[in-house]
Amino acid sequence: MQVQGLVDRYDRVATDLRVSLTDRCNLRCSYCMPAEGLDWMPTDDQLTDDEVVRLIGVAVGQLGVTEVRFTGGEPLVRRGLVDIVARTRALADELGLPVEQSLTTNALGLARTAGTLAAAGLDRVNVSLDTVRPETFATITRRDRLTDVVAGLEAAAAAGLGPVKVNAVLLRGVNDDQAAEMLAWCLERDYQLRFIEQMPLDAQHGWSREQMITADEIIERLEARFTLTPAREPRGSAPAELFRVDGGPATVGVIGSVTRPFCGDCDRVRLTADGQVRNCLFARTESDLRGPLRAGATDAELADRWRAAVRPKAAGHGIDDPTFLQPDRPMSAIGG
Ligand code: SAM
Ligand code: SF4
């Protein structure tokens, strides 16, 4: 079958699907959620496991998607996760397509489930960890759970869910003095560390450009202890600028989503937990697939709607534009 992919008006092709499985989370990172309060998505609005798998099937089978990344909220709190991964693997195998499945997670509970997830067909994990100091961890996430995250990382590596990647956000005056320490910790354990600039996607609208630690500052803080040399040119659709650390094989990534945007090469598309297609993290509109799906649309009809949703994707996120407006939904509801 000839695949007619997800092509936008600038000829970018989306092959990397981020599937949000829930907007709920067991941490409360200060750059993501308020300390308390945040309305969760009504359960009836949320796609069922069958509906998630059906839409992944459309994406993989009809739209040329080759990477599926589960996210949230916290995807590990979704009860059907293992089943969804196993069924995605089965449908990819049935179609003879080499689909890569990964998980972006805070790793709470991963120590228990890493082996099962690997057996179900998960390929990799990206674990979010912003500090290796328990007190800073509690300050950022508002929970005292660093040991669980460390155990989750170890279990992921042991289960073969590698290369294990660690994503870190630096916050001014909170952990921005710990960049080099984080890198040393990850190098010792063979985890690939990537720093991400803080983006205006928090539920409480607390982001400010002045508070954001920029890619330049991240590199400067790392260079106080390590020698960094560019590891790949050009970076293509990969958002991370990769640097070799001290000339060795180990690398560190810096994702300058705000100051060094990679929108021109973006190959992502997002499906929210309530079945909305978002063609960009910062899109102001969404396209509903849940309604048509529940009304009996065929796979071909859903694929057509999905293509139409991706076509008008904006050239860039426009954070620097004076008219920029933060999306109505926070990162935890869109899927990071
Ligand atoms: N709960 C999972 C986790 O933390 O990995 C998955 C969802 S979380 C929204 C996905 C990623 O987005 C995490 O790496 C998190 O650090 C990052 N993130 C959340 N809010 C952010 C923000 N305002 N700017 C940059 N990254 C953010
Ligand atoms: Fe939860 Fe991830 Fe947001 Fe932290 S970044 S509050 S772990 S969804």
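I'd love a proper account of the overall build of the chain, names of residues and values included.
The secondary structure content of the chain amounts to 10 helices and 14 strands. Against the 2.2 N^0.38 benchmark of 20 Å for 336 residues, the chain shows a C-alpha radius of gyration of 19 Å, consistent with a compact globule. The 336 residues of the chain split such that 54% are buried. Residue pairs in contact within the chain that sit at least 24 positions apart in sequence constitute 73% of those at least 6 positions apart.

Lay out the pairing of strand E10 (residues 241–245) in plain terms, naming residues and giving numbers.
Pairing of strand E9 (residues 228–230) with E10, which is carried by three bridges, proceeds in the antiparallel orientation. If you follow Thr229 over to E10, its bridge partner there is Arg244. The turn joining E10 and strand E11 (residues 251–255), which pair antiparallel and follow one another in sequence, is formed by five residues; a positive phi near 50 degrees is taken by Asp246.

How would you summarise the nonpolar core if you had to cite specific residues and measurements?
Formed by 102 residues in total, the largest nonpolar core has its most connected members in Phe70, Leu129, Phe195 and Trp306. If near-sequence neighbours (up to four positions away) are discounted, Leu129 is found in contact with Phe137, Leu146, Val149, Leu153, Val166, Asn167, Ala168, Met182 and Trp185.

Give me the site of ligand 2: which residues, what numbers.
Every residue lining ligand 2 is accounted for by Cys25, Leu27, Arg28, Cys29, Cys32, Gly73 and Asn106. Here the shell around ligand 2 is composed, by residue class, of four nonpolar, two polar and one charged.

Tell me about the packing of aromatic side chains, and name the residues and values.
The relation between two aromatic rings is expressed through the spacing of the ring centres and the mutual angle of the planes. Counted according to the given criterion, the structure contains two aromatic pairs. Ring geometry for Trp185 and Tyr191: centres 5.9 Å apart, planes at 55 degrees, overall tilted.

Lay out the pattern of salt bridges in plain terms, naming residues and giving numbers.
By the definition in use, this model includes 23 salt bridges. For Arg18, the salt bridge goes to Asp16, with nearest N and O atoms at 2.9 Å. Residue classification places Arg18 among the buried positions, given a relative accessible area of 5%. As a salt-bridge pair, Asp176 and Arg221 come within 2.9 Å of each other at their nearest N and O atoms. Of this pair, Asp176 sits in the loop between strand E7 (165–169) and helix H6 (179–189) while Arg221 sits in helix H7 (residues 215–223); the two residues are 45 residues apart in sequence, bridging distant segments of the chain. Each member of the salt-bridge network shares a partner with another, and the members are Asp16, Arg18, Asp267 and Arg268.

Can you explain H6? Please cite residues and give values.
Among the residues of H6, those classed as buried are Ala179, Ala180, Met182, Leu183, Ala184, Trp185 and Cys186. As for H6, its buried residues are in contact with helix H5 (146–158), E7, strand E8 (192–196), H7, E10 and E11. Looking at the residues trailing H6, positive phi occurs at Asp190, about 65 degrees.

Give a detailed account of helix H3 (residues 110–120), specifying residues and quantitative values.
If you check which residues of H3 are buried, you get Leu110, Ala114, Leu117 and Ala120. Buried residues of H3 fall within an arc of 135 degrees about the axis and therefore sit on the same side. Relative to its buried face, H3 has exposed residues pointing more than 90 degrees away, namely Arg112 and Ala119. Contacts from the buried residues of H3 go to helix H2 (81–95), strand E5 (100–105), strand E6 (124–128) and H5. In the segment just after H3, Gly121 is the residue with positive phi, at about 120 degrees.

Any chance you could break down the packing of helix H1 (residues 49–62) against H2 for me, citing the residues and the numbers?
Here H1 crosses H2 at 30 degrees, and the two axes come no closer than 10 Å. The angle between H1 and H2 falls in the class roughly parallel. The hand of the H1/H2 crossing is right-handed. In contact with Asp49, Asp50, Val52, Val53, Ile56, Gly57, Val60 and Gly61 of H1, H2 contributes Ile84, Arg87, Thr88, Leu91 and Leu95. By residue class, the composition of the contact of H1 with H2 is seven nonpolar, three polar and three charged.

Can you break down the sheet that holds strand E4 (residues 67–71) residue by residue, with the values?
Across the sheet, 12 strands lie side by side as E9-E10-E11-E8-E7-E6-E5-E4-E3-E12-E13-E14; this open sheet has mixed pairing. Bordering the open sheet on either side are E9 and strand E14 (287–288), each of which pairs with just one other strand. Against the sheet, helix H9 (residues 299–310) makes contact with strand E3 (16–20), strand E12 (268–271), strand E13 (276–278) and E14, and its axis sits at roughly 125 degrees relative to E12, the strand it touches most.

Each value, and the rule that gives it
- Per chain, the residues get numbers from 1 upward, laid out in the order the sequence is written.
- Labels are handed out in written order, letters beginning with A for the chains and numbers beginning with 1 for the ligands.
- Confidence filtering applies because this is a predicted model: local features only for residues at pLDDT of at least 70, side-chain atom pairs given and counted only at 80 or more, and all residues used for totals across whole chains, interfaces and linings.
- Calculation of side-chain values draws on the structure's entire complement of heavy atoms; hydrogens and water are dropped beforehand.
- Only DSSP runs of H or I with at least four residues qualify as helices, and only runs of E with at least two residues qualify as strands; both kinds are numbered from the N terminus onward.
- We compute the radius of gyration from the C-alpha atoms alone; for a globule the expected value is 2.2 Å times N to the 0.38, where N is the number of residues.
- Partly exposed residues are those whose accessible area sits between 20% and 50% of the maximum for their type, while under 20% is buried and over 50% is exposed, using a 1.4 Å probe and protein chains only.
- Contacts were defined at the residue level, with two residues in contact if any of their heavy atoms lie within 4.5 Å.
- Two strands qualify as a pair provided that DSSP identifies no fewer than 2 bridges between them.
- Side-chain atoms within 4.5 Å link the members of a nonpolar core, which is a set of buried Ala, Val, Leu, Ile, Met, Phe, Trp, Tyr and Cys residues.
- Each residue is tested against the molecule or strand, and it is near if at least one of its non-hydrogen atoms lies within 4 Å.
- Under the scheme applied, nonpolar residues are Ala, Val, Leu, Ile, Met, Phe, Trp, Tyr, Cys and Pro; charged residues are Asp, Glu, Lys and Arg; polar residues are all the others, including Gly.
- The aromatic pairing rule takes the rings of Phe, Tyr and Trp, using the six-membered ring of Trp, and pairs them if the centres are within 6.5 Å, calling planes under 30 degrees apart stacked, those over 60 edge-to-face and the rest tilted.
- The term salt bridge refers to a pairing of a side-chain nitrogen on Lys or Arg with a carboxyl oxygen on Asp or Glu at a separation within 4 Å.
- The arc in question is formed by the directions pointing from the helix axis toward the C-beta atoms.
- Note on geometry: axes are lines fitted to C-alpha atoms, helical ones only across the stretch in contact, with angles between N-to-C directions running from 0 to 180 degrees.
- The labels follow the angle: roughly parallel below 35 degrees, roughly antiparallel above 145, roughly perpendicular from 65 to 115, and oblique for the rest.
- By convention, the crossing between two helices is left-handed when the near helix turns anticlockwise from the far helix through less than a right angle, and right-handed when the turn is clockwise.

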